[in-house]
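# Residue-level structure breakdown
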Amino acid sequence: MSNIENSPTTADAAALQARIDAANARLDAAELCGDPIIDQIVSLGDRIAYDAGQCTFFVEEIEARVANLESGGLDPDPNPDPDPVPDPPDPPTDPDPDPDPDPDPTPDPGPTTGSFPPPPSGFDIFDWTTWDASAWAAPTLAYRNANGIVMPAENNVGLGAYASYPHDHTVYNIPGPAQDQAWGRSQRVLEYAADAGWQTINSRTFSTPNEVVRNKVIRNATVTAPGVRFEQCAFITSGSRAVKIELGSGQYATFIDCDFGPFPGTVASGSNTGGQTLDTAIGFNRYVAIRCRFWGMKDGTKCSGDSAFLHCWVGNQVKSQGAHNDCLQATGGRRIGIFGCGLWGPWQTGTSCIKLTAEKGDLEDAFIAGNRVAGGTYTIFLTEKNGDQLRDTDCMRNSFIRNSYKWGPFFKSNIGQVNTLGNLFDDNGAAVPDPF
């Protein structure tokens, strides 16, 4: 059953969606694809099934903007300022008596990814008290949750601005369509990379410390050296996972503006105890993902300590035997941060959107804040097993999509120390009941 069918405002949502589709078609016909309104339409499509009433104003703005673009540009200012009087020219100056004979050449600006801003002074990726991701590393044209924290739409992060794909939550619990949709996303990315002339690396171990890798399609990767940094790369895999991390304590790899998905035609298979394909994007610890997209895996991505996610988008998981279909999963480890992410689990099925279970060792110092979360039988699933402990964990200021879960927004069992504060429903800002 689709999200719109589950919505209490089915007729309104369907009508608004039809208006969005019509506006999008008019943009395509007029070849106005460079206008940021397309991003607004795609982003709005993420919300249309959940709070159709709040979308009406934005749809009207979109339609007015489209009509204005079709007529030739922005609305004129009804009271334009008069043309300014130019300043008189500066008096001529004497030429430099000793000009440099060979001025320095204009430097090569390098790829756009080289402009990634440095973190604020004192920022520590694993010290949650220094995080202010709404002011650093935040995507543009983003949605703000009920707490005012910047959240990504799918096409605001990773390669989404260049290889966008229509977002659809309605098929996530249907194996065939979900798999086809995952392949479609990957195909768009591969076409973009081919047009841009990116090199394809079929398999490689990255063993040089602090290596920077940009604008590559990477079929399978293993990282064995600390400080390796990937910027604007597409990790498209037909194996169990796209990236394998083999690093020691205190080391990590970084992924910025990257995509992770299945190679078209690869079918998710295997159980948790046997051979499998498309198990997860990255396994299993010591990495940082900033503004990345993850799709088409049985579990979006997994971690087990020294891992952080800022402004990432995870969705379009695919079904297979034994799959939880979690967006983010951890079964132990220390220092796991999830901030400002858009995490779309399967609608009212799968295990959860975020699953933290202390079952392969203690799980501690986890920070889940400012995310937009949806799906699962329970959206956030927290538990302990086998005598291991889940402790020192904060879960706060998250925005929950109401009724996207089957049983409830939270599941907790045998929990030690977990702090919750300011978790709200996305549709009206009402407080999510505190399970602790």
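What you are looking at is a predicted structure, and each value in this text was computed from that prediction instead of being measured. (Residues numbered from 1 in each chain as written. Predicted model: local features only at pLDDT ≥ 70, side-chain atom pairs only at ≥ 80, totals over all residues. Heavy atoms only, no water.)

### Section: the overall build of the protein
Secondary structure assignment for the protein yields five helices and 30 strands. Across the 436 residues in the protein, those meeting the buried criterion constitute 52%. When contacts within the protein are restricted to residue pairs at least 6 apart in sequence, long-range pairs at least 24 apart make up 67% of them. Carbon and sulfur atoms form 50% of the exposed surface of the protein, whose accessible area is close to 19200 Å². (Helix = DSSP H or I, 4+ residues; strand = E, 2+ residues; numbered from the N terminus. Buried < 20%, exposed > 50% of the residue type's maximum accessible area, 1.4 Å probe, protein only. Contact = heavy atoms within 4.5 Å. Areas by Shrake-Rupley, 256 points an atom, 1.4 Å probe, with all protein chains shown as cover.)

### Concerning the side chain of Asp306
Looking at the element boundaries, Asp306 is found in the loop between strand 16 (301–303) and strand 17 (307–310). A relative accessible area of 11% places Asp306 in the buried class. If we skip the residues at most four places from it in the chain, Asp306 touches Phe126, Gly250, Arg286, Tyr287, Arg334 and Arg335.

### Re the confidence of the model for the protein
Mean pLDDT over the protein works out to 79, with 72% of the residues at or above the 70 mark. For residues 45–54, every residue scores under 50 in pLDDT, and the model assigns this stretch 35 contacts once sequence neighbours within four places are set aside. Note that residues 90–114 has pLDDT below 50 and, in this model, eight contacts with residues that lie over four places away or in other chains. (pLDDT = per-residue confidence, 0-100.)

### As for the state of the cysteines
Disulfide: a covalent bond formed between the sulfur atoms of two cysteine residues. All chains considered together, the criterion is met by zero disulfides. Lacking any disulfide linkage, Cys292 is separated from the closest cysteine sulfur, that of Cys312, by 4.8 Å. Here Cys312 falls in the buried class, since its relative accessible area comes to 1%. (Disulfide = S-S within 2.5 Å.)

### Some details on the packing of aromatic side chains
This model, assessed by the stated rule, comprises 22 aromatic pairs. Geometrically, the ring pair formed by Phe255 and Tyr287 is edge-to-face, given 6.3 Å between the ring centres and 85° between the ring planes. Here the residue Phe255 occupies a position in strand 11 (residues 253–256), and Tyr287 occupies one in strand 14 (residues 287–290), the gap between them amounting to 32 residues. Judged by centre distance (5.1 Å) and plane angle (55°), the ring pair of Tyr378 and Phe411 falls under tilted. (Phe/Tyr/Trp six-rings, centres within 6.5 Å; stacked < 30°, edge-to-face > 60°.)

### Thoughts on the sheet that holds strand 18 (residues 313–315)
Ordered by their spatial adjacency, ten strands build an open sheet running 3-6-9-12-15-18-21-24-27-30, and the pairing between neighbours is parallel. For this open sheet the edge positions go to strand 3 (199–201) and strand 30 (424–425), each flanked by a neighbour on one side alone. Where strand 9 (residues 234–237) and strand 12 (residues 259–262) come together, four bridges link them in parallel fashion. Paired with Phe235 across the two strands is Phe260, which belongs to strand 12. (Pairing = 2+ DSSP bridges.)

### Focus on the pairing of strand 25 (residues 378–384)
Taken across its seven residues, strand 25 has six buried, putting it largely inside the fold. One ladder, built from five bridges, connects strand 22 (residues 354–358) with strand 25; its direction is parallel. When the bridges of strand 25 are listed, Ile354 appears paired with Ile380. Summarising the sheet, strand 25 and strand 28 (residues 408–413) pair through five bridges and their orientation is parallel. Each residue of the ladder has a partner; that of Ile380, found in strand 28, is Phe410.

### What about the sheet that holds strand 28?
If you trace the five strands from one edge of the open sheet to the other, you get 16-19-22-25-28, paired in parallel fashion. Single-partner strands in this sheet number two, and they are strand 16 and strand 28. Adjacent strand axes in the sheet meet at a mean angle of 10°, parallel and antiparallel pairs treated alike. Inspection of the sheet shows strand 19 (residues 328–330) paired to strand 22 by three bridges, in the parallel sense. Looking at the pairing, Leu328 lines up with Ile354 of strand 22. (Axes fitted to C-alpha atoms, helices over the stretch in contact; angles between N-to-C directions.)

### Description of the nonpolar core
One finds Phe230, Phe235, Val243, Phe255, Phe260 and Leu343 to be the most contacted residues of the largest nonpolar core, which totals 76 residues. In terms of residue count, helix 5 (residues 175–195) provides more of this core than any other element does, five residues in total. Residue contacts for Leu343: discarding those within four places in its chain leaves Val314, Cys327, Leu328, Ile338, Cys353, Ile354, Arg372, Val373 and Ala374. Ile125, Ala133, Val288 and Ala308 belong to the second largest nonpolar core, which has 19 residues in total. (Core = buried A, V, L, I, M, F, W, Y, C linked by side-chain atoms within 4.5 Å.)

### A short note on the side chain of Asp257
By the element assignment, Asp257 lies in the loop between strand 11 and strand 12. Take Asp257: its relative accessible area is 13%, and that puts it in the buried class. At 2.8 Å, the side chain of Asp257 and the side chain of Arg291 are in polar contact. Ignoring any residue separated from it by four or fewer positions in sequence, one finds Asp257 in contact with Gly158, Leu159, Gln232, Cys233, Ile290, Arg291 and Cys292. (Polar contact = N/O pair within 3.5 Å; in protein donor to acceptor, adjacent residues only side chain to side chain.)

### A short note on the pattern of salt bridges
Overall, the coordinates contain 17 salt bridges when judged by the stated rule. For Lys244, the salt bridge identified is with Glu246, shortest N-O distance 3.1 Å. On the basis of relative accessible area, Lys244 is assigned to the partly exposed category, the value being 33%. In this structure, the salt-bridge partner of Lys355 is Glu359, at a minimum N-O distance of 3.6 Å. A single network of salt bridges, built from pairs that share partners, joins Glu154, Arg185, Asp259 and Arg293. (Salt bridge = Lys/Arg side-chain N within 4 Å of Asp/Glu carboxyl O.)

### Some points on the pairing of strand 12
Residues Asp259 and Gly261 of strand 12 are buried on one face, and the alternating residues Phe260 and Pro262, pointing to the opposite face, are buried as well. Direction of pairing for strand 12 relative to strand 15 (residues 293–295): parallel, over a ladder of two bridges. Its bridge partner being in strand 15, Phe260 is matched across the sheet by Phe294.

### Observations concerning unusual backbone geometry
Of the consecutive residues Gly283 and Phe284, the connecting peptide bond is found in the cis state with omega at -5°. Mapped onto the secondary structure, Phe284 falls in the loop between strand 13 (280–283) and strand 14. Residues other than glycine seldom take positive phi values, yet Asn386 does so here, at roughly 55°. Along the chain, the position of Asn386 falls in the loop between strand 25 and strand 26 (390–396). Overall, the relative accessible area of 66% leaves Asn386 in the exposed class.

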